[in-house]
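One letter stands for each residue in the lines below.
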Amino acid sequence: MVKLATDEQEMLDGKHGRAQQRAMEILVQYAEALGAERFVDTNNVHLFVGFHPYPEVIKILDADELASRFLLDTEEKIVVDRVKAFNTTHIWAMDLDRWQIMGAPESLHNLMESIRKYSIRTGICLSATCTPYQVGNVPIRGEHCAWTESSAVPFCNAVLGARTNTEAAHSAFPAALTGKIPLWGYHLKENRRGTHLINVQIDVRDIMDWYLLGYYVGEVCQLAVPVYRLRVQRAPNLSMLKGLNAAGASSGGIMMYHIIGVTPEAPTMEAAFSGNRPKETLVYGESERRQAYENLNCAMDENVDLVNIGCPHYSLEQLRDVARLLDGKKVHEDVTLWIWTAYQLKAIADRNGYTDIIARAGGHLMTDSCPLNTNLFPEGCRVVATDSAKHAHYAPAIGGMDVFFGTMQQCIDAATTGKWRGELK
Ligand code: F3S
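Residues numbered from 1 in each chain as written. Predicted model: local features only at pLDDT ≥ 70, side-chain atom pairs only at ≥ 80, totals over all residues. Heavy atoms only, no water.

Asks: What is the right way to look at the site of the ligand in this model?
Replies: Close contacts around the ligand come from His90, Ile91, Cys130, Glu149, Ser151, Gly310, Cys311, Pro312, Cys370, Leu372, Asn373 and Lys390, and that covers them all. At the level of secondary structure, the elements contributing two or more residues to the shell around the ligand comprise strand E10 (306-314) and helix H15 (371-374). Broken down by element, the residue count for the shell around the ligand peaks at three residues, all from E10. Across the shell around the ligand, the residue classes break down as six nonpolar, four polar and two charged. The residues that make up the shell around the ligand include at least three from each of domain 1 (6-189) and domain 3 (297-417). (Near = heavy atom within 4 Å. Helix = DSSP H or I, 4+ residues; strand = E, 2+ residues; numbered from the N terminus. Nonpolar A, V, L, I, M, F, W, Y, C, P; charged D, E, K, R; others polar. Domains from an automatic or database assignment.)

See below:
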């Protein structure tokens, strides 16, 4: 049974209002289901309020009612005054400014507007991205967090050395209300130790290579903690690790990993395993790389309808690169080009002229959302090209799409010619 501190018991007893009481009721149930013995304080929550466009959601236009029903799991209408913990928000059901380009219905836009007002009133920070670490939410090593979004969680754990499990909308919102989260999983040092050794025998050079590595290892390791030993020591940058994380959390459920000599809890192999013996040692070479690539490519028809890039939301480096590739070019008349990023990064892209270059080419720089989480693909869309292993993994199942996966360059070539010519080099 979970042991409650005085402040936690007070919240559960309703001394701080009904919203905190309901949140604490949920968290206690959650902790008990997990076998957690106590809670830990958190002042860093990445939460989900943007709501997917499910028909039952669209029917409810009152944001207090919606939050009560879907985030606090009750028919009772609970009016939240202010959330307690610092927080950022995951993506929303649409680009809040360019929702008509996505073909989003007006009813859903109205709903988003009412949630926007609700968020401002209750102290929810409207960051609207799956990459909170790119827009000012950068927890420090050892900090306890409560983050949603599978690709952001390994960034928090492995890259930053902060501590989180993958939270759901229904646990992150109570965490934001109370500043508490069950102490279990990756909050505990012993669960952060490596379990599998991955001997990487080829040079992992670019973003696509990191996606392929993560995709292969995620598939094999599932929920384990892989330890990557690179034969060619080449430190990845933010865009590459963003890809590794998204891929490993798509084919598997990797929330924590180590790269020896790169990530903060793995200065050495001994530190990465920290007393654990590797359960398995895997080799990643050319044939494993090709296997991951082939698993990600399911389209046959070379005619591309949509080029969808920026999953997870593009970094500033990627925005610069895509603008360079599109400069002076024209998107083919039969192709839609959507490039996704955080709106905060779009502001920088605007200032640097990247947005204008993309627009002159006929592409759209989009923010706040993505078609995978909304299933708002352009009408008639059947074949999608992407440089994201996460998008390539989910688009066939979620959107019924045929997908080509490749580099940013290959995707832009497809956008301008209408044909997929990508191949694994
Ligand atoms: Fe982000 Fe959507 Fe991809 S939430 S990680 S752009 S599926």
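Asks: Even after reading the chapter, I still don't get the domain arrangement of the protein chain, so can you show me in this structure?
Replies: Interfaces are frequently sized by the accessible area removed from exposure as the parts join. Domains assigned within the protein chain are domain 1 (6-189), domain 2 (193-294) and domain 3 (297-417). One C-alpha centre belongs to domain 1, the other to domain 3; they are set 28 Å apart. The interface is formed by 25 residues belonging to domain 1 together with 23 residues belonging to domain 3. Between domain 1 and domain 3 lies a buried interface of about 1,900 Å² when both sides are counted; carbon and sulfur atoms form 57% of it. Taken together, the links from domain 1 to domain 3 amount to one salt bridge. Viewed at the interface, domain 3 and domain 1 are joined by twelve residue pairs in polar contact (both at pLDDT 80 or more). By residue class, the composition of the side of domain 1 that touches domain 3 is 13 nonpolar, eight polar and four charged. (Contact = heavy atoms within 4.5 Å. Buried area = accessible area lost by both parts, 1.4 Å probe. Salt bridge = Lys/Arg side-chain N within 4 Å of Asp/Glu carboxyl O. Polar contact = N/O pair within 3.5 Å; in protein donor to acceptor, adjacent residues only side chain to side chain.)

Asks: Whenever I open this one, the sheet that holds strand E9 (residues 280-284) confuses me. Can you help?
Replies: By way of backbone hydrogen bonds, the strands of a sheet pair with one another, either parallel or antiparallel. Read from one edge of the open sheet, four strands run E8-E7-E6-E9, paired in parallel fashion. Either end of the sheet is taken by a strand with one partner, and the two such strands are strand E8 (258-259) and E9. Taken together, the five bridges between strand E6 (residues 196-200) and strand E7 (residues 226-230) define a ladder with parallel strand orientation. Bridging from a neighbouring strand, Ile198 pairs with Tyr228 of E7. (Pairing = 2+ DSSP bridges.)

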